[in-house]
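# Examination of the molecular architecture
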Amino acid sequence: MIKMLITVLLSINLFSIVFGQCLQKNNFSTRSYEIGEIVSIEHQLMEFDVCYGNYEEGVFKIADFNHNLNGGNYKVSMIRINATWWPPCYASIGVFDDIIETWQGDNRVALVNNVDDLGQPWSCEQWGESHEVENPIIIDGQSCLDCGNNYPIFNWFGYAYTDYVFIDHNMKVYYLHNGISSYLANTIIQEMLDAIPSF
């Protein structure tokens, strides 16, 4: 029994070492933001190509959700951070669809897919068409016009794929999580909505 337990523990440790390196962008991957920190104006204003879905602005900026910059519209957001080569990202598309279905029609909630390494193997169109919901918003995580090919959203908020970042109406990082259930995501989104001032 003890031998079996030791074998299991060693296997888990080996799995973490091997697959942890695959999940992280590099051995020194540390995110810029932690829970409770405000996303800088510089980062909010960086633009990314929307490669799938109907997004009225044409390019994506986190600043689109900042009421001080968007005409006074309070919004909360959740960004899902994916890589096309990591199977759990693709396998959990259904969870993201469930979250989208819950908040469709609520213009205070923005749900965005950040996809890195397009074409390895999935294209943006293939990723989008894999969703059950219509026109999920997908941005090319490497398409930042001002910051080069350095995975900015991953580096700001991620540590491993599939990470989720929740940003409240004050542009504060409300919650960070690797992998998530639709129940937990919806609970967090509702908490953020409840904190929006009512006039």
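Residues numbered from 1 in each chain as written. Predicted model: local features only at pLDDT ≥ 70, side-chain atom pairs only at ≥ 80, totals over all residues. Heavy atoms only, no water.

## Details of the overall build of the protein
Broken down by element type, the protein carries 7 helices and 7 strands. Reading the protein from its N terminus to its C terminus gives the helix and strand order α-α-β-β-β-α-α-β-α-β-α-β-β-α. Restricting to contacts in the protein with at least 6 residues of sequence separation, those with at least 24 account for 69%. Of the accessible surface of the protein, which amounts to about 10200 Å², a share of 55% is contributed by carbon and sulfur atoms. (Helix = DSSP H or I, 4+ residues; strand = E, 2+ residues; numbered from the N terminus. Contact = heavy atoms within 4.5 Å. Areas by Shrake-Rupley, 256 points an atom, 1.4 Å probe, with all protein chains shown as cover.)

## Describing the nonpolar core
Considering soluble globular proteins, one finds that nonpolar side chains tend to be buried as a cluster. Counting 35 residues, the largest nonpolar core has F60, I79, I153 and F157 as the members making the most contacts within it. Contributing elements (two or more residues each) for this core: strand 1 (48–52), strand 3 (76–83), strand 4 (109–116), helix 5 (124–129), strand 5 (138–140), helix 6 (152–157), strand 6 (163–167) and strand 7 (173–178). Considering every element that reaches this core, the biggest residue donor is helix 6, with 4 residues. In contact with F157, not counting residues within four places along its chain, are R31, Y33, V39, I62, I81, D163, V165, I167, V173 and L176. Counting 18 residues, the second largest nonpolar core, distinct from the first, contains M78, I100, M192 and L193. (Core = buried A, V, L, I, M, F, W, Y, C linked by side-chain atoms within 4.5 Å. Buried < 20%, exposed > 50% of the residue type's maximum accessible area, 1.4 Å probe, protein only.)

## Remarks on the environment of Y161
You can see Y161 is positioned in the loop between helix 6 and strand 6. In this structure, the C-alpha to C-alpha distance between Y161 and D116, residues 45 residues apart in sequence, is 9.8 Å. Polar contacts involving the side chain of Y161 include one to the side chain of D116, which spans 2.7 Å. (Polar contact = N/O pair within 3.5 Å; in protein donor to acceptor, adjacent residues only side chain to side chain.)

By themselves, these figures tell us nothing about what the structure is for.
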